[in-house]
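Each chain, written out:
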Amino acid sequence: MLARSALRTLSQSRQFSSSASRQTKVAVLGAGGGIGQPLSLLLKLNPLVSELSLYDIRGAPGVAADVSHIDSASEVYGYPADQLDKASRASRLSLSLPVCPASPMTRDDLFNTNASIVRDLAAAVARVAPEAHLLIISNPVNSTVPIVSEVLKKAGVYDARRVFGVTTLDVVRSARFLGSVTSSNPDDCKVTVVGGHSGPTIVPLLSQTTNGKAVKGEAYEKLVHRIQFGGDEVVKAKDGAGSATLSMAYAGAKFTNDLLRGLNGEKGVVVPTFVKSPLFEDKGIEYFSSSVELGPNGVEKIHPLGSLSAEEEKLLEACLPELKKNIEKGKAFVSQS
Ligand code: NAI
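Residues numbered from 1 in each chain as written. Predicted model: local features only at pLDDT ≥ 70, side-chain atom pairs only at ≥ 80, totals over all residues.

Moving on, we get to the overall build of the protein chain. A count of helical and extended segments in the protein chain gives 12 helices and 11 strands. Once the C-alpha set of the protein chain is aligned to its principal axes, its extents read approximately 55 × 45 × 40 Å. Out of the 337 residues belonging to the protein chain, those deemed buried represent 48%. Taking the intrachain contacts of the protein chain between residues at least 6 apart in sequence as the baseline, contacts between residues at least 24 apart amount to 70%. (Helix = DSSP H or I, 4+ residues; strand = E, 2+ residues; numbered from the N terminus. Buried ≥ 20, exposed ≤ 12 C-beta atoms within 10 Å, placed from the backbone. Contact = placed C-beta atoms within 7 Å.)

Structure below.
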């Protein structure tokens, strides 16, 4: 079951889609994996998607055949390993989420595995769908977004308004965990999460919500830690055999829906996402996650952080140097390859 707010958003999309363009091809690169399969399922339910193009080096045609039987209007096609170009061609959105099958767990391992895969996928999308919006789910997002951006720059098709690091899982977890701590409905616990998308670079601005403001002392410390390291709970519960897949698929589908609403001209769609940002450029930080207004061209407006509590200022202080390192690592990878 989708959460109530997501269902509401989907039904708003349904009303909206009657007047909006229905020609939206969405390509999922890595569709055979733990996130890719449920994400494909959720995208099949989205009326703003007219065509779903599922690609993976293994298993995508099977996932596509399965998902294609669902009784929504969109068409679904599956592409095997040698058909990346065909899968990506003319897509409006391209979601990238690969990792090697035996999921390694440290961020360094993830970088070593994913950096070259993400680089090559971005190069293919640049070639065959230069105007696509790229949604980067592949970790480490703090580095893969700069990698994709540098690849698009090299190909001469970079538009900062079209590259997004998907940090929505941090937002989803914040609402859920804050809801549990304060015995409130997560719908009433919308938290802006800023910074990056790993451990200490994740900065939830709890003081900006009525429910969050009420959490103090040890409870606050525990809540922040749980939001920053929520992924570890899932890895542990899965006995190291995988990371968050279902909640991530939900988060990825939610962000995709928000972006499609913005692209289709809906006003007032504002959500956190990791993008090229002016907010900390003076500190040498090119990419940053904050509340971003989504519109017909992708990123429409990057909102300032607003007022922070003393605790949040400290979290931000810890985030910035780490984030800078992660971004530089991604950029260096492309310049050296
Ligand atoms: P998985 O290992 O279950 O699936 C990955 C899929 O990518 C596999 O089906 C594999 O065959 C495919 N693949 C590998 N190389 C490929 C290539 N060159 N082209 C196309 N497909 C390729 O992994 P899972 O659990 O689905 O995770 C995917 C990614 O999402 C990982 O990088 C993970 O770290 C990241 N992630 C991101 C989160 C976020 O909040 N942004 C949260 C959780 C995971």
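Right, let's talk about helix H6 (residues 141–154) for a bit. The terminal C-alpha atoms of H6, which comprises 14 residues, lie 20 Å apart, in line with the 20 Å expected from a rise of 1.5 Å per residue. Of all 14 residues in H6, 12 are buried, a share of seventy percent or more. Just downstream of H6 lies Gly 156, where phi reads positive at about 75 degrees. (Expected span 1.5 Å × (residues − 1).)

Now for the pairing of strand S11 (residues 298–302). Bridge count for strand S10 (residues 287–295) against S11 is four bridges, and the pairing is antiparallel. The partner of Leu 294 across the bridge, within S11, is Val 299. Connecting the antiparallel pair S10 and S11 is a turn made up of two residues. (Pairing = 2+ DSSP bridges.)

What follows concerns the site of the ligand. Near the ligand you find 31 residues, and of these Gly 33, Gly 34, Ile 35, Pro 98 and Asn 139 are the closest. With three residues, the single largest contributor to the shell around the ligand is helix H5 (residues 107–128). For the shell around the ligand, the per-class residue count stands at 17 nonpolar, 12 polar and two charged. Two domains each put at least three residues into the shell around the ligand: domain 1 (24–165) and domain 2 (168–336). (Near = placed C-beta within 6 Å. Nonpolar A, V, L, I, M, F, W, Y, C, P; charged D, E, K, R; others polar. Domains from an automatic or database assignment.)

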